[in-house]
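Examination of the molecular architecture
Chain by chain, the residues:
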Amino acid sequence: MLRLRPAAAIVTVLLAAPALAAEAGGHEDPIGRIVLELAVVLVAAKLGGELATRARQPPVLGELLAGVVLGNLDLAGIGALEGIQADPAVDVLAKLGVLLLLFEVGLESTVRDMLRVGLSSLLVAVIGVLVPFGLGWGAGAVLIPGAGPYVHAFLGATLSATSVGITARVLQDLGRSRGPEARVILGAAVIDDVLGLVILAVVSGAVVAADAGRSVSTGAVIAIVAKASLFLVGALVLGVKLSPRMFRVASRLQTRGVLLAVGLAFCFTLSWLSGAIGLAPIVGAFAAGLVLEDVHYKDFVDRGEHGLEDLIRPIGSFLVPIFFVLMGMKTDLRAFGDPRVLGLAGALTVAAIVGKQACGAGVVGRGIDRLTVGLGMIPRGEVGLIFANMGLSLKLGGRPLLGADAYSAIVIVVVVTTLVTPPALRFSLARLDRRTPERLQGRPGACD
């Protein structure tokens, strides 16, 4: 009997299980099929994340690539997993994962953080959104002119936002998370996320209007911007005033799980409101997280319960990887054999990197390295995938806004920008240390 490593044995069993389930015929309970698909997705996500971590890359990259492998097993003659990406139940769980991801991102910042960021962070964010958006639109217009302006605009939107979580992890590992460059990058990331979501709302609204046969005028675009801005401002202002009272009342309940239930209900309600007025539900989820602060649910913590972030994290660990694996499964490797796809991916990657380097020009004052700031804003990571997923769900003329070619190109951009950021940041910071040795003072281990 062959001796297999535990991971290989698990993969073998999970790959064989769907085929065995299919042979069982109509006697299988539908829930059995769903839980088996979830088992495959979750194990693949964690194995991929582990491999990425050992390669000193973000786990999200491993989860995405695990999905790419699962989604293209038919090229090796294994077709048992083809039904996963088309399963509505798995798709719903993936969409819930996106909402929780944006909710968690919002929880990591506060409205006060937005108000405290300096002029450099504001300028870096604005330039870092507008320049990549314009370059992405231009790359699409030149390379795929027949796709139409809505596709070109959406390509630009996917390049506008930054996945700063990857940068934050690298800065933390290097002991530089409190340096001047880190403060500018992390401050700009909050504004960057908001501006990126507004752009997504504008482009999505224009696509929905065009699909319904309505013309999109300048006035309509301004109306969408106003709607998105008013929703965000209104949600933040009302949320800051109402959420403390809401949690104070909820803290009188002694039932277990009240804090988690109220927090999720708040997130889902704002997500619904966001969708009801024509914006993406993720805008509401992000706003909900941004509003909530530790002080709002202090009564729960004081009586020995975990904070909201700690309670959300296990649920996110379950649902968020489903989204990334599913996004990877929608990537068709056959498209990579098309020179046009590789050309578009190359152009978008250059636009993504150059566009974020331009944001370094927004740094004002002395002592802050512009190159390091620009490099820290490069990774698209999960943010690019969230935008790309919106492109798959939006319809224009009865077809998805993003075709397989454009989507595959975006996946390449996400992978490349995620891979290049950690070594580029390490190089840039090492360069600064050689040029200005005084920066080393006060760092962990600097005097060892």
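Each value, and the rule that gives it
Residues numbered from 1 in each chain as written. Predicted model: local features only at pLDDT ≥ 70, side-chain atom pairs only at ≥ 80, totals over all residues. Heavy atoms only, no water. Patch = residues over 30% accessible without salt bridge, like charges linked within 9 Å, V, L, I, M, F, W, Y side chains within 5 Å. Areas by Shrake-Rupley, 256 points an atom, 1.4 Å probe, with all protein chains shown as cover. Salt bridge = Lys/Arg side-chain N within 4 Å of Asp/Glu carboxyl O. Lys, Arg positive; Asp, Glu negative; His and termini not counted. Charge placed at Lys NZ, Arg CZ, Asp CG, Glu CD. Helix = DSSP H or I, 4+ residues; strand = E, 2+ residues; numbered from the N terminus. Buried < 20%, exposed > 50% of the residue type's maximum accessible area, 1.4 Å probe, protein only. Axes fitted to C-alpha atoms, helices over the stretch in contact; angles between N-to-C directions. Parallel < 35°, antiparallel > 145°, perpendicular 65-115°, else oblique. Left-handed = near helix turned anticlockwise from the far one by under 90°. Contact = heavy atoms within 4.5 Å.

1. Points about a positive patch on the surface
Together, Lys241, Arg245, Arg248 and Arg252 make up a region of like positive charge exposed at the surface. Within the secondary structure, Arg248 is located in helix H10 (residues 218–250). Its relative accessible area of 43% is what places Arg248 among the partly exposed residues.

2. Quick notes on the packing of helix H11 (residues 258–276) against helix H12 (residues 281–291)
Closest axis-to-axis distance for the H11/H12 pair is 7 Å, and the angle between their directions is 140°. Looking at the two axes, H11 sits oblique to H12. For H11 against H12, the interelement crossing comes out right-handed. On H12, the residues touching Phe266, Cys267, Leu270, Ser271, Ser274 and Gly275 of H11 are Pro281, Val283, Gly284, Ala285, Ala287, Ala288 and Val291.

3. Brief notes about the environment of Ala280
Tracing the sequence through the fold places Ala280 in the loop between H11 and H12. Separated by 79 residues in the primary sequence, Ala280 and Ala201 place their C-alpha atoms 6.4 Å from one another. Here Ala280 is in contact with Leu200, Ser274 and Met390, once residues within four sequence places are set aside.

4. So, a nonpolar patch on the surface
Together, Val131, Leu135, Val350 and Val354 make up an exposed nonpolar region whose accessible area comes to about 290 Å². When residues of the nonpolar patch are traced back to their parent elements, those giving at least two are helix H6 (119–143) and helix H15 (339–358). Position of Leu135 relative to the elements: it lies in helix H6. Residue Leu135 is classed as partly exposed on the basis of its relative accessible area of 35%.

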